[in-house]
Amino acid sequence: LLRFLLQKELTYISVKNSSLSDKELINAIQKGQIWASEHLYDQHRRSFLSWGYSYFKATPNDIEDAWQEAVVKFFEKVISGEIISLQCTIRTYLFALGGHKLKQYYRKTKRITWGDEAIKMLSKMSEPEIEDIWKEERPLLRKAVELLNPRCRDILLLRIYEERSIAELQEIFKYASKNAVSVTLHNCIETLMENIAKLTEQ
Amino acid sequence: VNEQDLTLIERHYRHELDDAERQSFEARMADDAEFKASVLLYAKAALAIRSYGHEQLKQRLGQRPMPEASPTKRWYRHWRGGSVIAGLLLLAGWWLHMEQPTGDGDNPVIIDTIPADQEPFNTPAAVLDTPYKQAQKDQTAQKAGKPDIDSLFAESFEPYAYLSVLGSGNGDETSLDTFLLFYRKRNYGATIDAFDRLPDSLKRNDNNRLLLANALLSKGRTREAVSYLQAIQKQSDTDFKSEAGWYLALAQLKMGKVPDAKALLNQLAADPASTEYREKAKALLEKLR
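Residues numbered from 1 in each chain as written. Chains lettered and ligands numbered in written order. Predicted model: local features only at pLDDT ≥ 70, side-chain atom pairs only at ≥ 80, totals over all residues. Heavy atoms only, no water.

**Q** Would you mind going over the overall build of chain A in detail, with residue names and values included?
**A** Tallying secondary structure elements over chain A gives 10 helices and 0 strands in all. Of the regular secondary structure in chain A, the N- to C-terminal order runs α-α-α-α-α-α-α-α-α-α. Scored against the burial criterion, the 202 residues of chain A give a buried share of 51%. Here the contacts in chain A between residues at least 6 apart in sequence split such that 63% fall between residues at least 24 apart. Summed over all atoms, the accessible surface of chain A reaches about 10300 Å², with 50% contributed by carbon and sulfur. (Helix = DSSP H or I, 4+ residues; strand = E, 2+ residues; numbered from the N terminus. Buried < 20%, exposed > 50% of the residue type's maximum accessible area, 1.4 Å probe, protein only. Contact = heavy atoms within 4.5 Å. Areas by Shrake-Rupley, 256 points an atom, 1.4 Å probe, with all protein chains shown as cover.)

**Q** Describe the packing of helix 8 (residues 150-161) of chain A against helix 3 (residues 33-62) of chain B, and please don't skip the residues or the numbers.
**A** Contact geometry of helix 8 of chain A with helix 3 of chain B gives a least axis separation of 9 Å together with a crossing angle of 95°. Relative to helix 3 of chain B, helix 8 of chain A is oriented roughly perpendicular. Seen from helix 8 of chain A, the contacting residues are A:Arg153, A:Leu156, A:Leu157, A:Ile160 and A:Tyr161; seen from helix 3 of chain B, they are B:Tyr42, B:Ala46, B:Ile49, B:Arg50, B:Tyr52, B:Gly53, B:His54 and B:Leu57. Here the contact of helix 8 of chain A with helix 3 of chain B is composed, by residue class, of 9 nonpolar, 2 polar and 2 charged. (Axes fitted to C-alpha atoms, helices over the stretch in contact; angles between N-to-C directions. Parallel < 35°, antiparallel > 145°, perpendicular 65-115°, else oblique. Nonpolar A, V, L, I, M, F, W, Y, C, P; charged D, E, K, R; others polar.)

**Q** Help me get a handle on the side chain of A:Glu64, residues and values and all.
**A** Turning to its location among the elements, A:Glu64 is positioned in helix 4 (residues 60-79). Sequence-distant contacts of A:Glu64, that is, excluding residues within four places in its chain, are made with A:Tyr41, A:Arg45, A:Leu49 and B:Met66.

**Q** Any chance you could break down the state of the cysteines for me, citing the residues and the numbers?
**A** Residues and elements named next belong to chain A. Per the counting criterion, the structure on display carries 1 disulfide over all chains. Disulfide partner of Cys152: Cys188, at an S-S distance of 2.1 Å. One disulfide, between Cys152 and Cys188, carries an S-S torsion of -80° and so falls in the left-handed class. Here Cys188 lies in helix 10 (residues 178-201) and Cys152 lies in helix 8, a separation of 36 residues in the sequence. Classification of Cys152 as buried rests on a relative accessible area of 10%. (Disulfide = S-S within 2.5 Å.)

**Q** Please set out helix 9 (residues 166-173) of chain A residue by residue, giving values where relevant.
**A** Regarding helix 9 of chain A, the residues found buried are A:Ile166, A:Leu169, A:Gln170, A:Ile172 and A:Phe173. Of the residues trailing helix 9 of chain A, A:Lys174 is marked for its positive phi of about 55°.

That is the geometry; function is a separate question.
Below, the structure written as structure tokens:
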């Protein structure tokens, strides 16, 4: 994995190129390139902080947290195929996502300016508030992941979180065949399931 | 869970089952309690990984330093602040003027609103201090007929962006992970120390040498950086020729070896393979003229 990351474009990419279009950024995220989310995070961070502060009665820490959530959520939506393209700019969408998070914290805005595209989108945003039925178990689940060996954790993260294909995993981890990747994946997920079962019993 | 069931469950969660398979899957879920428990356990495992990935990415974003405001915005803010102060001064002056007796038509009373010990328009100049000083510096440099090398280096040098999903800081790092982690966290002193602890084979790796050279440049250890960058450049099969060329040019510039820096920049500017550094090299050459 190290060799792959050191040698491929994923490892060393200059994110200073601010002329990337929204489409290029979405394409990069679709390929699992995390630098694209970091680029978005940096590019609009200052604007979001002042935007959040103008519209919401929120602490700076909560606004920062909402911005991180917005960018991570956007990354996950793109990687899972939920977002292929947007009708607005990524910036507007991210602001609306972050605003949605802040609204969950504070329930009401300081003032509404209808000319603001992100606020308009936020008022229409119908993201259902999914009840976290496993909220209590989160620390246990985290521990179960931490008990995995680093290689298993990496391969599962790439397969399940970043939704990489078996072929990509074969290339990244230098497996001899796709079958070898599948066997490792099965062993790792089985170990994780066993960890969860054991920790639940304790 | 047997391998066949695990594959089936995984395909179910990846939405890869066709209609018939899905119906059969749902029927089995209803009838087979053991299978249902496995499905639930798999769902928890997948959730565990997703939550872990989510947290890791969030943590990684949270560690990023606050980007600097763009020079245009800084200038605009200063300009805006300056104009507000100037506006208030004008208003105050006008008000004082209106409040004072005006004298007779032949001998009007002239009111000086600026205290004797204060330079006129001192405030706007102070507010616009940085751009003003920079402009003065540029002007002086231009007058002297040579560009300001230190400023050019500072403008052009940005440590090489290293991004990796590894080096999460969870305590299971190898010496290479530690080296990369320190570099990513921009702790360049620790990066240099961590390089010394790498095995010799990794010390000879061009990728690692490039990062070390950047760390050395960041710490002002330019001469040492030059030797590593030259070593990378000499490799015929390196993937980092352009990067090494760019940073070597900056290092030469920093050391005042402008002709050497220009020669390297000219090579980069003429190299069609050097997509990222070609334009940067051209821009820097332009400034050096």
